[in-house]
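Descriptive analysis of the structure
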Amino acid sequence: MLAALGLIFCPSGADALASPTSAHPQAHATRSHSAHARSRSAGHSECQNATAMPSESNLALIRAATLCLINRERANHGEPALRADTQLQSAAQGHTDSMVKGDYFAHIGPSGDTPLQRMTAADYIYSEHIGYEVGENIAWGTLQLSTPSAVVAAWMASAGHRANILNARFRDTGIGVAAHVPASLAQGQAGGIYTQDFGVIVTG
């Protein structure tokens, strides 16, 4: 089983849920703009570990494979590669771990925390005086549907996720992965859950 979720956050607080593109992957992507926000290609080589399932010993490799696949998609569409950002990774990993521990799959945490609040808490959005645009994709899968290639393929098949992945303004990203699936979803199968946060900071 594989699922991904998509939600778009607007400055006004309005939101829209992206509809599923098929009976299996569902899309959940979030985007948020501040009032100030405004408007190198990756190589085409194979991405190592793209078909590996997440395990406790390979999470760094899974993150690297996911970023490689994302940047390959961006390169194929003429967009610059995203660079790994430690603050966004902290926010993404924290949310991934929270979903596993709290047995849920959503952009909003049990305490009401949003992607924007998590990225602010991680100091990616470090001042109320800067502009920004941020987004978030999440997904979970079991067995071979938990691999980076399966997750990125599902995201690319969904309008909300695809928009975040190919957003020409985004420059930074962080990927959180856990080698577990929330218990109520996994039905006893091995798998993994992913959060990818996206962002760009506008200071001028």
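No experiment lies behind these values; they were computed from the predicted model shown.

Time to look at the overall build of the protein. Scanning the protein from terminus to terminus reveals 6 helices and 8 strands. Scanning the protein from its N terminus toward the C terminus, one meets helices and strands in the order β-β-β-β-α-β-α-α-β-α-α-β-α-β. Of all 204 residues assigned to the protein, the portion counted as buried reaches 51%. Accessible surface for the protein amounts to roughly 9,100 Å². Of this, 53% is attributable to carbon and sulfur atoms.

Let us look at the state of the cysteines. Linking two cysteines covalently through their sulfur atoms gives a disulfide. Summed over the entire model, instances satisfying the criterion amount to 1 disulfide. Between the sulfur atoms of Cys47 and its disulfide mate Cys68 the distance is 2.0 Å. Residues Cys47 and Cys68 are joined through a disulfide that is left-handed, its torsion about the S-S bond being -80°. Highlighted residues: Cys47 in the loop between strand S4 (29-33) and helix H1 (59-76) and Cys68 in helix H1, separated in sequence by 21 residues. Cys47 sits in the buried class, given a relative accessible area of 7%. The partly exposed category is assigned to Cys68, whose relative accessible area is 29%.

By size, the foremost hydrophobic cluster in this structure holds 22 residues, and its most contacted members are Ile70, Leu82, Val152, Trp155, Ile165, Val177 and Tyr194. If you list the elements that add at least two residues to this core, you get H1, helix H4 (148-156), strand S7 (172-178) and strand S8 (191-202).

Another point: the pattern of salt bridges. Per the counting criterion, the structure on display carries 5 salt bridges. Here Arg83 makes a salt bridge to Asp172, at a shortest N to O gap of 2.7 Å. Placement of Arg83 in strand S5 (residues 83-84) and of Asp172 in strand S7 is noted, with a sequence separation of 89 residues between them. Judged by relative accessible area, Asp172 falls into the buried class, the value being 7%. Within the structure, one salt-bridge network assembled from shared partners comprises Asp113, Arg118 and Glu136.

Glancing now at H4. Burial runs high along H4: 7 of the 9 residues are buried. Within H4 the residues assigned to the buried category are Pro148, Ala150, Val151, Val152, Ala154, Trp155 and Met156.

This part is about the environment of Ser90. Inspection of the secondary structure assignment puts Ser90 in helix H2 (residues 86-102). Classification of Ser90 as partly exposed rests on a relative accessible area of 47%. Distance in space between the C-alpha atoms of Ser90 and Ala121 is 9.6 Å, their sequence separation being 31 residues.

In this section: the confidence of the model for the protein. Residues with a pLDDT of 70 or more make up 77% of the protein, whose mean pLDDT is 83. Low confidence marks residues 5-27, where pLDDT is under 50. Its contacts with residues over four positions away, or in another chain, come to 56 contacts.

Turning our eyes to something else, we now look at unusual backbone geometry. Its identity as a non-glycine residue notwithstanding, Asn49 has a phi of 65°, on the positive side. Residue position: Asn49 is located in the loop between S4 and H1. For Asn49, a relative accessible area of 33% corresponds to the partly exposed category. With a phi close to 55°, Asp103 is a non-glycine residue in the positive phi region. Its place among the elements puts Asp103 in the loop between H2 and helix H3 (115-121).

Moving on, we get to H2. Here H2 is 17 residues long and its end C-alpha atoms lie 24 Å apart, about the 24 Å a rise of 1.5 Å per residue gives. The inward-facing, buried residues of H2 contact H1, H3, strand S6 (131-142), S7 and S8. A side-chain oxygen of the first residue of H2 lies 3.0 Å from the backbone nitrogen of Gln87; this N-cap is Asp85.

Attention shifts here to the pairing of S7. Here S7 lies mainly inside the structure; 7 of its 7 residues are buried. Across the two faces of S7 the burial is the same, with Asp172, Gly174, Gly176 and Ala178 and Thr173, Ile175 and Val177 all buried. Note that S7 and S8 share 7 bridges and pair antiparallel. Residue pairing in the sheet places Thr173 in a bridge with Phe198 of S8.

Rules used throughout
- Residues numbered from 1 in each chain as written.
- Predicted model: local features only at pLDDT ≥ 70, side-chain atom pairs only at ≥ 80, totals over all residues.
- Heavy atoms only, no water.
- Helix = DSSP H or I, 4+ residues; strand = E, 2+ residues; numbered from the N terminus.
- Buried < 20%, exposed > 50% of the residue type's maximum accessible area, 1.4 Å probe, protein only.
- Areas by Shrake-Rupley, 256 points an atom, 1.4 Å probe, with all protein chains shown as cover.
- Disulfide = S-S within 2.5 Å.
- Core = buried A, V, L, I, M, F, W, Y, C linked by side-chain atoms within 4.5 Å.
- Salt bridge = Lys/Arg side-chain N within 4 Å of Asp/Glu carboxyl O.
- pLDDT = per-residue confidence, 0-100.
- Contact = heavy atoms within 4.5 Å.
- Expected span 1.5 Å × (residues − 1).
- Polar contact = N/O pair within 3.5 Å; in protein donor to acceptor, adjacent residues only side chain to side chain.
- Pairing = 2+ DSSP bridges.

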